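Take a look at the letters that make up each chain.
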Amino acid sequence: MSLRIYAIAYLVFLYAPIVLLPIFAFNDATIIAFPLAGFTTDWFGELMTNRSLHTAVKNSLFIAVMTAILCTLLGICAARAGAMYRFPVKAGIMGFIMLPLVLPEIIVAVSLLVVVVQIFDMGLSNWTIIAAHVLICTPFCIAILNGAFQNLDPSIEEAAMDLGESRFSAFRLVTLPLVMPGIISSMLIAFTISLDEFIIAFFLSGTSQTMPVYIWGLMRFPASLPVVMALGTILVALSIILLTIAELLRRRGMARAGVKDKGGFL
Amino acid sequence: MFNKLTSSESGRGLLLISPPFFYALLLMAFPLGAIILFSFWTQNFMDVDTTFTLNNYRQIIDQPIYGALLQRSLFVSAVVTVVTVLLAFPIAYFVSFHVRPDRKSLWLFLITIPFWTSYLIRVFLWKVILGYNGVINTGLLNIGLIDEPLTFILYNINAVIITLAHAFAPFAILPIFVALEKIDRSLLEASRDLGENKVMTFFRVTLPLAMPGVVAAVLIVFIPTIGDYVTPELMGGAGGKLIANMIQTQFLALNNAPLGAALAVVAMLSVTAISLVFILLNRRWLRGRS
């Protein structure tokens, strides 16, 4: 019983910052503090007219979509190889691919910065951010896709091949529909991570800013903070919707693969 | 050659694993190598001098600020890790042992949601909670517990630790939960049948079996926290800056990338060394018990 109380207190701690977000987004005062003033939707209105924000959002969406596609493709390769085949130094290779999960982001950022700018003398662009985001998102995609691929019975694909399908079309016609929910779930998670990522984007963005980098810039100006709150409210709502879809799909994928749901993304 | 690869099981496995493997090799291993190499070079305004030198490392040793920052960073990371893992363990235990199986994934979902929302904005909101006119101060003033706002909770190390412990919570909960889920429940019954009480069963059966999860949680919190510069920048105030802020400054503001690279290498080596010592100590502890 006391554990349950602790658990609820812990959830309050986890949700405390997010609950405040909409409160200040609708608060009619430029200072983010209590006591609250009146109700307003002005801050959301300001979002609609802000040109540089729109460019930043467009950049971020492009980066997030490309990242989601690319790292899910890499994730599918790794999850399928891990689930279906035995090969030399498998555990070592898998561990190596999952390593970005524990690598401090600033290390990823500065090492890529050095390679791109100092060694190859190339300019920074959205693609440098995409390259880095794919690296850090792939382990998350693999973790999700493992759930979809792991307990898939290899004999169904073999049956399709025995019935005359090629290896690839057996994969496409039999396995792919079964793991589809996992794939979409993995893309949504990668999209969310990439959209929110700041530390790496700050180092690797070229002339065009991403949305978190733009928000970071706004944070220096106290007057623009309510707008940040409004933007944050929209982002959090969007994240929660995407994650709920991802979770529902992940569960459906587990059910299709015939796995008992053990819960959790990781 | 290609046919030979696709005809055997291990060949097909290797072929399939090669795209993610080479991606990690090119974008992680190679840049990490490059940054180590780079830390032995020097930079004069925009020109990089590629003669091998230990000057950057000498500078880090000679000037006390770098050592102090590194020490403070390691201290903050260690405290954050201890706090996060200690707070996380009961939650993981609760979800694994006390929640109905069909409700478990709902609990995990609730725990992970805050983690996926914009990090920058979450950090900023902690400022709103802990600030001079913040939620805690106004709340405590209103109920009359304090007469003037508390100032020790923002713009110092405490604020950095609270914010980071919040940010890394799910990272600690999930590995511990997975380890607890793997424990065969009949072992616990056996322990009780053999006369151990609840508390001793926890310490002699559950905890040692959950240790792999705790170790994973420690590593997954301790190592990445060293690389965070957002939280110290926003929450730490003047005295709360950490090594990651210095690395960022060297790269972006001071244009001394080689020194920044050397600092990054030193920070990375320190966390890796501490992590390895921790793993070894834990192994010895577990072996000593069996």
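All figures in this text were calculated on a predicted structure; none of them were measured in a lab. Along each chain, residues carry numbers from 1 onward, in the same order as the chain's sequence is written. The lettering of chains begins at A and the numbering of ligands begins at 1, in the order of writing. In view of the model being predicted, local features appear only for residues whose pLDDT reaches at least 70, and side-chain atom pairs are presented and counted only at 80 or more, with totals across whole chains, interfaces and linings using the full set of residues.

1. As for the overall build of chain A
Put simply, DSSP H or I for four residues or longer makes a helix, DSSP E for two residues or longer makes a strand, and each gets a number counted from the N terminus. Each helix and strand in chain A was counted, giving eleven helices and zero strands. Ordered by position from N to C terminus, the α and β elements of chain A give α-α-α-α-α-α-α-α-α-α-α. Its C-alpha atoms give chain A principal-axis dimensions of about 70 × 60 × 35 Å. With 266 residues in all, chain A has 48% of them scored as buried. Contact between two residues is assigned when their C-beta atoms, built from the backbone, lie within 7 Å. When contacts within chain A are restricted to residue pairs at least 6 apart in sequence, long-range pairs at least 24 apart make up 78% of them. Put plainly, a residue is buried at 20 or more neighbouring C-beta atoms within 10 Å of its own, exposed at 12 or fewer, and partly exposed in between, counting only other residues' C-beta atoms, which are placed from the backbone.

2. Section: the interface of chain B and chain A
Counting residues at the interface gives 73 residues for chain B and 71 residues for chain A. Residue polarity follows a fixed list, in which Ala, Val, Leu, Ile, Met, Phe, Trp, Tyr, Cys and Pro are nonpolar, Asp, Glu, Lys and Arg are charged, and the others, Gly among them, are polar. Broken down by class, the residue content of the side of chain B that touches chain A amounts to 54 nonpolar, 14 polar and five charged.

3. A short note on helix α5 (residues 104-112) of chain B
Along α5(B), the positions that sit buried rather than exposed are B:Ser105, B:Trp107, B:Leu108, B:Ile111 and B:Thr112. An end-on view of α5(B) places all buried positions within 155 degrees of arc, on one side of the element. This arc corresponds to the set of directions leading from the helix axis out to the C-beta atoms.

4. Notes on the nonpolar core
The term nonpolar core refers to a set of buried Ala, Val, Leu, Ile, Met, Phe, Trp, Tyr and Cys residues connected through C-beta atoms within 7 Å. By size, the foremost hydrophobic cluster in this structure holds 169 residues, and its most contacted members are A:Ala109, A:Val110, B:Ile176 and B:Leu263. No other element matches helix α6 (residues 126-149) of chain A, which puts 15 residues into this core. A:Val110 has contacts with A:Phe203, B:Ile35, B:Ile247, B:Phe251, B:Gly260, B:Ala261 and B:Ala264, leaving out every residue within four places of it along the chain.

5. Examining the packing of helix α1 (residues 2-25) of chain A against helix α6 (residues 119-130) of chain B
To obtain each axis, a line is fitted to C-alpha atoms, and for helices this fit is confined to the stretch in contact; angles are then taken between N-to-C directions over 0 to 180 degrees. Contact geometry of α1(A) with α6(B) gives a least axis separation of 9 Å together with a crossing angle of 85 degrees. The angle between α1(A) and α6(B) places the two elements in the roughly perpendicular class. Touching A:Ala16, A:Pro17, A:Leu20 and A:Leu21 of α1(A) are B:Ile121, B:Arg122, B:Leu125, B:Trp126, B:Val128 and B:Ile129, all from α6(B). Oblique is the label for every angle not falling under 35 degrees (roughly parallel), over 145 degrees (roughly antiparallel), or within 65 to 115 degrees (roughly perpendicular).

6. Considering the environment of A:Leu113
Position of A:Leu113 relative to the elements: it lies in helix α5 (residues 105-119). With 89 residues separating them along the chain, A:Leu113 and A:Phe202 place their C-alpha atoms 11 Å apart. Contacts of A:Leu113, omitting those with residues within four sequence positions, involve A:Phe203, A:Leu204 and B:Phe251.

7. Thoughts on the environment of A:Ala64
All names here are of chain A. Secondary-structure assignment places Ala-64 in helix α3 (residues 51-84). Along the sequence, Ala-64 and Phe-171 sit 107 residues apart, while their C-alpha atoms lie 27 Å from each other. Setting aside its immediate chain neighbours within four residues, Ala-64 contacts Phe-191, Ser-194 and Leu-195.

8. What about the packing of helix α4 (residues 64-98) of chain B against helix α8 (residues 157-167) of chain B?
Residue and element names in this part refer to chain B. The contact between α4 and α8 brings their axes to 9 Å, and the two run at 45 degrees. In this view, α4 runs oblique relative to α8, as classed from their interaxial angle. Helix-helix and strand crossings are classified by hand; for α4 and α8 the assignment is right-handed. Side by side, α4 and α8 meet where Val-76, Val-79, Val-80, Val-83, Thr-84 and Leu-87 of the first sit next to Ile-157, Val-160, Ile-161, Leu-164 and Ala-165 of the second. Within the contact of α4 with α8, the residues separate by chemical class into ten nonpolar, one polar and no charged. Each helix crossing is assigned a hand: it is left-handed if the near helix lies turned anticlockwise from the far helix by less than a right angle, otherwise right-handed if that turn is clockwise.

9. Section: unusual backbone geometry
Residue and element names in this part refer to chain A. The residue Val-89 is not glycine, and still its phi comes out positive at about 40 degrees. Along the chain, the position of Val-89 falls in the loop between α3 and α4 (90-98). Residue classification places Val-89 among the exposed positions, given that 10 C-beta atoms sit within 10 Å.

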